[in-house]
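Residue-level structure breakdown
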Amino acid sequence: MTSSMRLRSIRIACVVSCLAVVAGVTAVAFARAPSNAHASSDSDVSFSGTRATPAQITFLGATHPTSLLGNAAITQAPTQATPTRTNVLTPRTAHLGQGPMQANPAAPTVAPTADVSADSAGALGAGPGNPHPNFNGLSDLDNSTLNGFELEPPDTTTCVGFDPFLPGRPEVVFEVVSEVVAEYRTDGTLIAKTAESNFYGTPDVLGHNRCEYDPGAQSFYFTDLNSTLLTGTGNTNGVDLLQLDTITGARHEYFFDFTDPTNSGCLCFGDQPRVGYDDDAIYVGSEEFPTTGPGTFNQFFNGTEAYAISKQDVLNGVPSPTAWFFHNLEAGGIPVFGLDPAQSWSGSGTEWLLNSFPFDAQGNNNATDNVVALWHSTGDNHIEAAAPALHVKVIPTETYAFPVDAVSTAGTSNALNADDDRITELEFLNGHLYTAFTSALNVPNDPTTYDGAAWLDISTTIGAVSAQGYVVFKGAYLIDPAMWRSPNGPADIAFTETNSRLNPSAAFSSRPNDTATFSAPHITALGASPYVDVFFRWGDYSWAAPDPVNGDIWMAAEDIPPVADQAPDINWGTEVFRD
């Protein structure tokens, strides 16, 4: 390990671990606490263009490298010395409420999708529906060998597009996990992998990745946290947006600071940047947390922020693209948390966004809720001339509940933290929005509360839920679901599955059409061993993405890989698969 890499890992470990609060220890507060503690389904609030202010974005450069991963990409990781262990406890459930729950008796009781309570680990994945290809993805071992340090938890994302640098411009699969980026052929053959700092061309990227392919623009979009403050090289906190053109191979990279100087405790940190797009604009949302001022990081939430950026300016590599900034967003009197912009896969002149309500107005865990906030933009077709507006309506849904700890093979005292019930991925397809998120669920005649998936199909034509349901397995826990519906009709939900005899495994549930029910689990990679770590802090999300050629659904989920692919201290891995 080089001295600079070792120092970088130590800086990250010190700053982040000093700022992080272990989930379940400390209650926190919103910076702004409205009087009502629950969102109302009859609220319809319009944010005029005056709520958006012009935003400054820094152009980091346009390049035309020799590969999509950049000139520094390598196919074989160098041998490293024993890596430095880095517990990067990213602010997921740690920053709000009381942390993970041991039980949630208020969770809805629903008929189980499948009963796996008597199945053996080997039989759980049996039956039709196992996808091909199906290959072992990135792991903490890749992170430790490429970056020189271990970290947790992983942020898993994948996207599928085309590589203009390879003969015939073939389809390729990107997987980005924490601080490593890999590119594969569709049969699972590794093309190259590299450290995220090489991919972005800056040492200040910190994970929390998103990777999406925009078929209309024929471009990949990648987002990542960029913090010179947390890496000790400066005094900025923001997001990198990297656009890769799959026709020309050009790369356009931008940085924007998520600090809203009107909020308390800034300089501020933008947690978990999320990206979406419509025909005219790219949208990026994030939660703002202070790094200075009253309270400490993870204990004081300043609000959700969102950027709307001219897509054409980004595609053209304009040094000063038109961008607008929305801040302090609320829905139904509740500060918005986890606002996710849609990937408009079928094309749309309107951007749609969605958030659930994991926390109440005071920042406490919301045991249950039965509404979500549906947002849409207007005016971004003239984004270069005037600010777009955001409009929100709180709509009724099925009941969903804050997740419980997921029992795994390491024992009940080391149950996996199943995060919270925010939305992590949103698809727009032909007038409908599709999403799934973790929910605590009960099944009849069983005293155990399980984690499952609540899924929604929202019609944007009527602005209401048109179909919804649950996926829950009696006898097993389902963690971090990600849903995608193919233009051909099938829909899949990817997740990690675990119980007291099943090591954390990558799996999915499928349905052939909109009238069918979701299936029993298809396990694509059985966990090789129990999860080994001090905090049992499971990853932040699974991912699902469309195949732009045939409409198949690609997925990635966290699991425990074969022993040969496990890092010395933290043994998480991922599996990439297609249905």
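Sequence positions are assigned chain by chain, starting from 1 and proceeding in written order. With pLDDT at 70 or above as the cut-off, local features in this predicted model cover only qualifying residues; side-chain atom pairs require 80 or more to be listed or tallied, and sums for whole chains, interfaces and linings still use all residues. Hydrogens and water molecules were not included; the side-chain quantities draw on all heavy atoms of the structure.

1. Observations regarding the overall build of the protein chain
Secondary structure summary: the protein chain contains five helices and 40 strands in total. Going through the 579 residues of the protein chain one by one, you find that 65% of them count as buried. Residue pairs at least 24 apart in sequence account for 68% of intrachain contacts in the protein chain once pairs closer than 6 positions are excluded. The Shrake-Rupley method, run with a 1.4 Å probe, gives the accessible areas here. Residue values count only the displayed protein chains as cover. A total of about 17,600 Å² of accessible surface is found on the protein chain, and carbon and sulfur atoms cover 54% of it. Secondary structure elements are defined from DSSP: runs of H or I of at least 4 residues count as helices, runs of E of at least 2 residues count as strands, and each element is numbered from the N terminus. Exposure is judged per residue with a 1.4 Å probe applied to protein chains only, and the accessible area is read against the type maximum: over 50% gives exposed, under 20% gives buried, and values in between give partly exposed. For this analysis, residues touch if any pair of their heavy atoms sits within 4.5 Å.

2. Here we look at the nonpolar core
Only buried residues count toward a nonpolar core, which is a set of Ala, Val, Leu, Ile, Met, Phe, Trp, Tyr and Cys residues joined through side-chain atoms within 4.5 Å. Formed by 70 residues in total, the largest nonpolar core has its most connected members in Phe174, Phe220, Phe222, Phe256 and Ile309. If you look at the next biggest cluster of nonpolar residues, it comprises 37 residues, including Ala52, Ile383, Phe428 and Ala454.

3. What to know about the side chain of Asp457
Along the polypeptide, Asp457 turns up in strand 31 (residues 449-459). Charged residues are defined here as Lys and Arg on the positive side and Asp and Glu on the negative side; His and the ends of the chain fall outside this count. Definition used for salt bridges: Asp or Glu carboxyl oxygen within 4 Å of a side-chain nitrogen of Lys or Arg. Buried Asp457, no salt bridge; nearest opposite-charge side chain is Arg511, N-O distance 5.0 Å. Any N or O atom pair separated by 3.5 Å or less is treated as a polar contact, with the protein-specific requirement of one donor-capable and one acceptor-capable atom, and with residues adjacent in sequence counted only for side-chain atom pairs. A distance of 2.7 Å separates the side chain of Asp457 from the side chain of His432, its partner in a polar contact.

4. Some words on the state of the cysteines
Here, the word disulfide means a covalent bond between the sulfur atoms of two cysteines. When two cysteine sulfur atoms lie within 2.5 Å, the pair is treated as a disulfide. Under the definition given, this model contains one disulfide. Put simply, Cys159 and Cys211 are joined by a disulfide, and their sulfur atoms are 1.6 Å apart. You can see Cys159 sitting in strand 9 (residues 156-162) and its partner Cys211 sitting in strand 13 (residues 210-214), a full 52 residues away along the chain. Since its relative accessible area comes to 2%, Cys159 is described here as buried. Note on Cys211: relative accessible area 1%, which makes it buried.

5. Some remarks on the sheet that holds strand 13
Two strands qualify as a pair provided that DSSP identifies no fewer than 2 bridges between them. Here we have five strands laid out as an open sheet, ordered 4-16-15-14-13, and antiparallel in their pairing. Every interior strand has two partners, whereas the edge strands, strand 4 (58-63) and strand 13, have only one. Strand-to-strand twist across the sheet, computed as the mean angle between neighbouring axes with direction ignored, equals 20°. Only the contacting stretch of a helix is used when fitting its axis, a line to C-alpha atoms as for every element, and angles between N-to-C directions run 0 to 180 degrees.

6. Looking at the environment of Leu166
With respect to the secondary-structure elements, Leu166 resides in the loop between strand 9 and strand 10 (171-177). On the basis of relative accessible area, Leu166 is assigned to the buried category, the value being 18%. With 25 residues separating them in the primary sequence, Leu166 and Ile191 have C-alpha atoms 10.0 Å apart. What Leu166 contacts, discounting residues up to four positions off in sequence, is Val172, Arg185 and Ile191.

7. Re the environment of Gly201
Mapped onto the fold, Gly201 is located in the loop between helix 3 (196-200) and strand 13. Since its relative accessible area comes to 64%, Gly201 is described here as exposed. Along the primary structure Gly201 and Gly70 are separated by 131 residues, whereas in three dimensions their C-alpha atoms are 8.4 Å apart.

8. Re the packing of aromatic side chains
Here the aromatic set is Phe, Tyr and Trp, taking the six-membered ring for Trp, and pairing holds for ring centres within 6.5 Å; pairs whose planes are under 30 degrees apart are stacked, those over 60 apart are edge-to-face, and all others are tilted. Evaluated as defined, the whole model comprises 23 aromatic pairs. Between Tyr400 and Phe437, the ring centres sit 5.0 Å apart and the planes meet at 90°, which makes this aromatic pair edge-to-face. Taken as a pair, Tyr400 in strand 28 (residues 389-401) and Phe437 in strand 30 (residues 432-442) lie far apart in primary sequence, 37 residues in all. For Tyr400, a relative accessible area of 1% gives the class buried. Think of it as a cone above the ring: NZ of Lys or CZ of Arg counts as a charge over the ring if it is within 6 Å of the ring centre and within 35 degrees of the ring normal. Here the basic side chain of Arg511 rests over the ring of Trp455, its NZ or CZ set 4.6 Å away from the ring centre.

9. Considerations on helix 2 (residues 140-147)
Burial analysis of helix 2 places seven of its eight residues in the buried class, the great majority of the element. The set of residues buried in helix 2 consists of Asp140, Asp142, Asn143, Ser144, Thr145, Leu146 and Asn147. Looking at where helix 2 begins, the residue whose side-chain oxygen comes 3.2 Å from the main-chain nitrogen of Leu141 is Ser139. After helix 2 finishes, the residue Gly148 shows a positive phi value of roughly 90°.

10. Description of the pairing of strand 16 (residues 251-257)
Burial analysis of strand 16 places six of its seven residues in the buried class, the great majority of the element. The pairing of strand 4 with strand 16 spans five bridges and is classified as antiparallel. Counted as the bridge partner of Thr58 is Phe255 from strand 16. Of the pairings in the sheet, the one linking strand 15 (residues 237-245) to strand 16 comprises seven bridges and is antiparallel in character. Each residue of the ladder has a partner; that of Leu241, found in strand 16, is Tyr254. Linking strand 15 to strand 16, which pair antiparallel, is a turn of five residues; within it Gly249 sits at a positive phi near 85°.

11. Brief notes about the pairing of strand 17 (residues 268-277)
When you tally the buried positions in strand 17, you get 10 out of 10 residues, the bulk of the element. Between strand 17 and strand 18 (residues 281-290), which follow one another and run antiparallel, lie three residues.

12. Concerning the pattern of salt bridges
Under the definition given, this model contains 10 salt bridges. Taking the shortest distance from any N to any O, the salt bridge between Arg537 and Asp540 comes out at 3.2 Å. Residues Arg537 and Asp540 agree in their burial class; the two are buried. Overlapping salt bridges bring together Asp419, Arg537 and Asp540 as one network.

13. What about the confidence of the model for the protein chain?
Of the residues in the protein chain, 82% have a pLDDT of 70 or more, and the chain-wide mean is 83. Across residues 74-83 the pLDDT falls below 50, and counting only partners more than four positions away or on other chains, this stretch makes 23 contacts in the model. Each residue carries a pLDDT score, the predictor's own confidence in it, on a scale running from 0 to 100. The low-confidence segment residues 85-99, where pLDDT is below 50, has 83 contacts with residues more than four positions distant or belonging to other chains.

14. Considering the sheet that holds strand 38 (residues 543-546)
Judged by pairing direction, the sheet is antiparallel, and its four strands sit side by side in the order 7-40-39-38 without closing on themselves. Here the strands that pair on one side only, and so sit at the sheet edges, are strand 7 (134-139) and strand 38. Within this sheet the neighbouring strands show an average axis-to-axis angle of 20°, counted without direction. Where strand 7 and strand 40 (residues 573-578) come together, four bridges link them in antiparallel fashion. Bridge pairing links Asn134 to Phe577 in strand 40.

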